[in-house]
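Observations on chain architecture
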Amino acid sequence: MENILTMESITTDDVMRIINRALEFKKGRKLNIGNKSIMNMFFENSTRTKTSFQMAESNLGMNILNFDADTSSIKKGETLYDTVKTVESIGVDIAVIRDSQDEYYQELKDLNIHILNAGDGKGQHPSQSFLDLMTIYEKFGKFEGLNVAIVGDLKHSRVAHSNSSVLKRLGANLYYGGPKSWYTEEFQKFGEYRDIDELVNTMDVIMLLRVQKERLNVNESSDFTPENYLEKYGLTMNRSKKMSPNAIIMHPAPVNRGIEIADEVVECNKSVIFPQMTNGVFARMAMIEEVLLEEAQ
Ligand code: CP
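Residues numbered from 1 in each chain as written. Predicted model: local features only at pLDDT ≥ 70, side-chain atom pairs only at ≥ 80, totals over all residues. Heavy atoms only, no water.

This part covers the site of the ligand. Every residue lining the ligand is accounted for by Ser46, Thr47, Arg48, Thr49, Arg98, His125, Gln128, Pro252, Ala253 and Pro254. Between the ligand and Thr47, the relevant distance is 2.8 Å, taken from an oxygen atom to a main-chain nitrogen or oxygen of the residue. Within the side chain of Gln128, one N or O atom sits 3.0 Å away from a nitrogen atom of the ligand. The fraction of the free accessible surface of the ligand (260 Å²) that becomes covered by protein chains is 90%. For the shell around the ligand, the domains that each give at least three residues are domain 1 (12–124 + 278–296) and domain 2 (126–272). (Near = heavy atom within 4 Å. Polar contact = N/O pair within 3.5 Å; in protein donor to acceptor, adjacent residues only side chain to side chain. Areas by Shrake-Rupley, 256 points an atom, 1.4 Å probe, with all protein chains shown as cover. Domains from an automatic or database assignment.)

On to the nonpolar core, then. In this structure, Val15, Ile19, Phe130, Leu133, Ile136 and Ile288 are the most contacted members of the largest nonpolar core, which totals 58 residues. Looking at this core element by element, the count peaks at nine residues for helix α11 (residues 273–296). Lining this core are residues from two domains, each supplying at least three of them: domain 1 (12–124 + 278–296) and domain 2 (126–272). For Val15, the contacting residues outside a window of four places in its chain are Met7, Ile10, Phe130, Leu133, Val166 and Leu170. Listed in part, the 20 residues of the second largest apolar core include Leu230, Ile249, Ala262 and Val265. (Core = buried A, V, L, I, M, F, W, Y, C linked by side-chain atoms within 4.5 Å. Buried < 20%, exposed > 50% of the residue type's maximum accessible area, 1.4 Å probe, protein only. Helix = DSSP H or I, 4+ residues; strand = E, 2+ residues; numbered from the N terminus. Contact = heavy atoms within 4.5 Å.)

If you walk across this open sheet you meet the five strands as β7-β6-β5-β8-β9, and the pairing is parallel. With one partner strand each, in any of the chains shown, β7 (191–193) and β9 (248–250) form the two edges of the open sheet. Across the sheet, the mean angle separating the axes of adjacent strands is 20° when strand polarity is ignored. Where strand β5 (residues 147–151) and strand β8 (residues 205–208) come together, four bridges link them in parallel fashion. Looking at β8, one finds that Ile150 is bridged to Met207. (Pairing = 2+ DSSP bridges. Axes fitted to C-alpha atoms, helices over the stretch in contact; angles between N-to-C directions.)

An α-helical segment advances 3.6 residues per turn. Residues three or four places apart therefore align on the same side. Here helix α2 (residues 48–59) contains 12 residues, and its C-alpha end-to-end distance of 16 Å stays within 8% of the 16 Å for a straight helix at 1.5 Å per residue. Those residues of α2 that sit buried are Thr49, Ser52, Phe53, Ala56 and Glu57. The buried residues of α2 occupy an angular sector of 135° when projected down its axis, which confines them to one face. Of the residues trailing α2, Gly61 is marked for its positive phi of about 70°. (Expected span 1.5 Å × (residues − 1). Arc of directions from axis to C-beta.)

Another aspect to go through is the domain arrangement of the protein chain. Domain assignment breaks the protein chain into domain 1 (12–124 + 278–296) and domain 2 (126–272). For domain 1 and domain 2, the distance between their C-alpha centres works out to 26 Å. Taken together, the 28 residues of domain 1 in the interface contact 24 residues of domain 2. Of the roughly 2,200 Å² buried between domain 1 and domain 2 on both sides combined, carbon and sulfur atoms contribute 66%. Taken together, domain 1 and domain 2 are joined by two salt bridges. Among the salt bridges present, the one from Glu138 reaches Lys26, with a minimum N-O distance of 2.8 Å. One can count nine residue pairs in polar contact (both at pLDDT 80 or more) joining domain 1 with domain 2. Looking at which element gives the most residues to the side of domain 1 that touches domain 2, the answer is helix α1 (residues 12–26), with nine residues. Of the residues assigned to the side of domain 1 that touches domain 2, the class counts are 10 nonpolar, 10 polar and eight charged. (Buried area = accessible area lost by both parts, 1.4 Å probe. Salt bridge = Lys/Arg side-chain N within 4 Å of Asp/Glu carboxyl O. Nonpolar A, V, L, I, M, F, W, Y, C, P; charged D, E, K, R; others polar.)

So this is what it looks like as structure tokens:
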């Protein structure tokens, strides 16, 4: 695969190969690709994805080039295309890109540089999807027949967009929760809506989503009341205790503690939120290997 842009464009065989490679990296498999250079180009804020890619690249012995969006010529009005074309021209092999524009990568498709999508607007977040899938597979050893609920700000979430179709293709039973107005048509084809009190009794995986306050429009902002969101839609301690002993709680983070998840649930024994971040390093190592393997063939 030349680029990793959306989960829809990846076959389930390829998804499973990348997950299995990520698990091998976690078990200690070593790979050195020191002759390849990579640049992390983040035009939108990030803690986990950016540092996790940096750690993955360092583990692979790659040549990591610095890029700072705030001091780049983007600030002088240079286009994304010209910026990435420049990076291609100076010989960078892989660009890891996050941008607030949905499908920003469409304008880059003729460039001769591998692109790993680190998040496009409300579109896709493939590296988050791979680490989520890896975490679920590591815990349950399968996807077929698992009951998975994605709960919260579905409408604005690239995590919900990336995970829905691939989980469905892998055989999981998908459900959704959160404010009903955010359970839009695009999700209705993958799974049914359920109240959070019903979901906690029946799910193997509850994947919570951050309320993306920065992406709410004026009407949505006036509908969103942080004071009662947790009680109406979120995972409280009482609700988490109703989950089956083997069930897990996921969240891509950053977490709004006290809004979509109670503060004390974030690190409770069912939560895999921080282990997800650990897996993110290995998942990203496997993604980098995948695009470079394509070159070797
Ligand atoms: N989960 C995630 O994408 O986190 P960051 O925005 O911190 O990268």
